[in-house]
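# Geometric and topological summary
These are the residues of each chain, in order.
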Amino acid sequence: MEHHIKTCHGSVSVVVYGDQEKPALITYPDVALNYLSCFQGLFLCPEAVSLLLHNFCIYHISPPGHEFGAAPVCSNDPSPSVEDLADQILEVLNFFSLEAVMCMGITAGAYILSLFAIKHKDRVLGLILISPLCKAPSWSEWFYYKVVSNLLYYYGMSGLLKDIFLQRYFSKEARGSSEVPERDVVHECRRLLGERHRSSLMRFLEAVNRRHDLTDGLRSLKCRTLIFVGDQSPFHSETLHMVTALDRKYSALVEVQACGSMVTEEQPHAMLIPMEFFFMGFGLYRPGRVSDSPRSPLSPSCISPELLSPESLGIKLKPIKTRVPTKC
């Protein structure tokens, strides 16, 4: 079911899947994408569905103007900042009467959710971040996406710009070459990029290009954090910087080989076992593992001291090389 929620910073679309009596997991996509183009690969895996929908109600939040069938944004509306986008999440949680939630975001979406977690620590139980941003853009990145924004303004989502965004999302192998066709997931993402309104995309891109450094705030963040990054992601080094800023007692990194930024689409199977162990720390299990109710409460009081240790995740606190030979 899709909800259009009016906030202080404009309307936001939220698509809800599952039993709303269960704990909440919210998602936030990367630039130019929505929940379908960012998370479909993960949620189409039967193992992921059994793990996620058994334990959570999913709330897919789309950046303003990125939902399906969105109308063009009025040029007179003020452009939101990353702070505004993070504040929208709080209003979404209040709209659905949600307390603390699990969060999953990709790149720019991971930045927005990390900022939200820093600002509202009591409303976040855990973070699952894929190829996250955490620093202010470098001069070269700022200039690069300023040029992209200008190209969008004058030419719309051209073939060149689609290629630029696909390089942001996928590995070279997935994008193919003159001899090897691009993978189906890349082809579908290319098609979906053509559905974005340039005005909505430019506003989100501008907000991300004006982001500030989160490093100091991350040092005080105590919620459990599981980070995935593809070894071919353009944001690989920034992800490693984020890991060094986070408290090692509460964070773990999984590095996925032969993969770009969108691990959820390129190699979703690589996420399953780390996520399963991560959720076990909150008393949540894949169906069939235990006879407990799927409505296990997600509160720190439910977590035994043993499960709070990094080793309980089954993941070392250093990059884990993971390769998945087959697609989901």
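Residues numbered from 1 in each chain as written. Predicted model: local features only at pLDDT ≥ 70, side-chain atom pairs only at ≥ 80, totals over all residues. Heavy atoms only, no water.

The condition is simple: UniProt positions are given in the numbering used here, feature names are shortened, and annotations may be inferred rather than shown by experiment.
An unreviewed UniProt entry annotates the protein as Pollen-specific protein SF21 isoform X3 originating from Camelina sativa. Word for word, the UniProt comment on the protein under Sequence similarities (unreviewed entry) is "Belongs to the NDRG family."

## Some words on the packing of helix α5 (residues 139-155) against helix α6 (residues 159-169)
Working note: a packed helix pair is described by the angle between its axes plus the distance between those axes. Cut-off, in case you're wondering: Here an angle of 0 to 180 degrees is reported between the N-to-C directions of two axes, which are lines fitted to C-alpha atoms, with helices fitted over the stretch in contact. Under the scheme used here, helices are H or I runs from DSSP no shorter than 4 residues and strands are E runs no shorter than 2 residues, and both carry numbers assigned from the N terminus. Note on convention: the crossing is left-handed when the near helix lies turned anticlockwise from the far helix by less than a right angle, right-handed when the turn is clockwise. The contact criterion used is simple: two residues touch if any of their non-hydrogen atoms lie within 4.5 Å. Under this grouping Gly is polar, as are all residues other than the nonpolar Ala, Val, Leu, Ile, Met, Phe, Trp, Tyr, Cys and Pro and the charged Asp, Glu, Lys and Arg.
Contact geometry of α5 with α6 gives a least axis separation of 10 Å together with a crossing angle of 145°. In the crossing of α5 with α6, the sense of the turn from one axis to the other is left-handed. Along the contact surface, α5 presents Tyr144, Tyr145, Val148, Leu151 and Leu152, while α6 presents Leu160, Leu161, Ile164, Phe165 and Arg168. Looking at the contact of α5 with α6, its residues break down into nine nonpolar, no polar and one charged.

## Quick word on the nonpolar core
Note the following rule: The term nonpolar core refers to a set of buried residues drawn from Ala, Val, Leu, Ile, Met, Phe, Trp, Tyr and Cys, joined through side-chain atoms within 4.5 Å. Whether a residue is buried, partly exposed or exposed follows from its accessible area with a 1.4 Å probe, protein chains only, as a fraction of its type maximum: under 20%, in between, or over 50%, in that order.
Tyr169, Met275 and Phe279 are the most contacted members of the largest nonpolar core, which has 106 residues in total. The element that contributes the greatest number of residues to this core is helix α4 (residues 108-119), accounting for nine residues.

## Some thoughts on the packing of aromatic side chains
We count it as follows: Between rings of Phe, Tyr and Trp, where Trp is taken as its six-membered ring, a pair exists when centres lie within 6.5 Å; planes separated by under 30 degrees are stacked, by over 60 edge-to-face, and by other angles tilted.
Scanning the model with the defined rule gives twelve aromatic pairs in all. Centre to centre, the rings of phenylalanine 278 and phenylalanine 279 are 5.9 Å apart; their planes meet at 55°, and the pair counts as tilted. Residues phenylalanine 278 and phenylalanine 279 agree in their burial class; the two are buried. One aromatic cluster is present, formed by Phe56, Phe278, Phe279 and Phe282 through successive ring pairs.

## Notes on the pattern of salt bridges
The following threshold applies: By convention in these notes, a salt bridge is any Lys or Arg side-chain nitrogen within 4 Å of a carboxyl oxygen on Asp or Glu.
Per the stated rule, a full pass over the model turns up 13 salt bridges. The closest approach of N and O atoms between arginine 211 and glutamate 141, which form a salt bridge, is 3.0 Å. Note that arginine 211 is positioned in the loop between α9 (198-209) and α10 (215-219) and glutamate 141 in helix α5, a separation of 70 residues in sequence. Note on arginine 211: relative accessible area 4%, which makes it buried. Of the residues examined, glutamate 141 reaches a relative accessible area of 15% and is grouped as buried. Through salt bridges that share partners, Glu83, Asp87 and Lys119 make up one connected network.

## Focus: the state of the cysteines
Rules: Cysteine sulfur atoms that pair up within 2.5 Å are treated as a disulfide.
Within this structure, the stated rule accounts for zero disulfides. Here cysteine 223 is not cross-linked by a disulfide; its sulfur's nearest cysteine counterpart is in cysteine 103, at 7.7 Å.

## Details of the environment of isoleucine 130
Relative to the assigned elements, isoleucine 130 resides in strand β6 (residues 124-130). Measuring from C-alpha to C-alpha, the distance between isoleucine 130 and glycine 105 comes to 6.2 Å, with 25 residues separating the pair along the chain. Among all residues touching isoleucine 130, those that are not within four sequence positions of it are Met104, Gly105, Ile106, Thr107, Ala110, Phe228, Ser261, Val263, Thr264 and Met271.

## Focus: the environment of glutamine 167
Among the secondary structure elements, glutamine 167 is positioned in helix α6. According to the relative accessible area criterion, glutamine 167 is partly exposed, its value standing at 41%. Considering only alpha carbons, one finds glutamine 167 and glycine 260, 93 residues apart in sequence, at a separation of 8.3 Å. Beyond its immediate chain neighbours, meaning those up to four positions away, glutamine 167 contacts Arg175 and Pro234.

## Remarks on the pairing of strand β7 (residues 224-230)
Quick note on the threshold: Here a strand pair is declared whenever DSSP counts at least two bridges between the two strands.
The buried fraction of β7 amounts to seven of the seven residues, a majority that puts the element mostly inside the structure. Burial of β7 is two-sided: the residues Arg224, Leu226, Phe228 and Gly230 facing one way and the residues Thr225, Ile227 and Val229 facing the other way are all buried. Of the strand pairs in this sheet, β6 and β7 are connected by five bridges, and their pairing is parallel. Bridged to glycine 126 within β7 is arginine 224.

## Side note on the pairing of strand β3 (residues 24-28)
Taken across its five residues, β3 has five buried, putting it largely inside the fold. A two-sided burial pattern is seen for β3, the buried positions comprising Ala24, Ile26 and Tyr28 on one face and Leu25 and Thr27 on the other. Where β3 lies against strand β4 (residues 57-62), four bridges are found, and the strand directions are parallel. The residue bridging threonine 27 from the neighbouring strand is histidine 60, located in β4. In this sheet, strand β5 (residues 101-106) lies alongside β3 in parallel orientation, the contact comprising four bridges. The partner of isoleucine 26 across the bridge, within β5, is cysteine 103.

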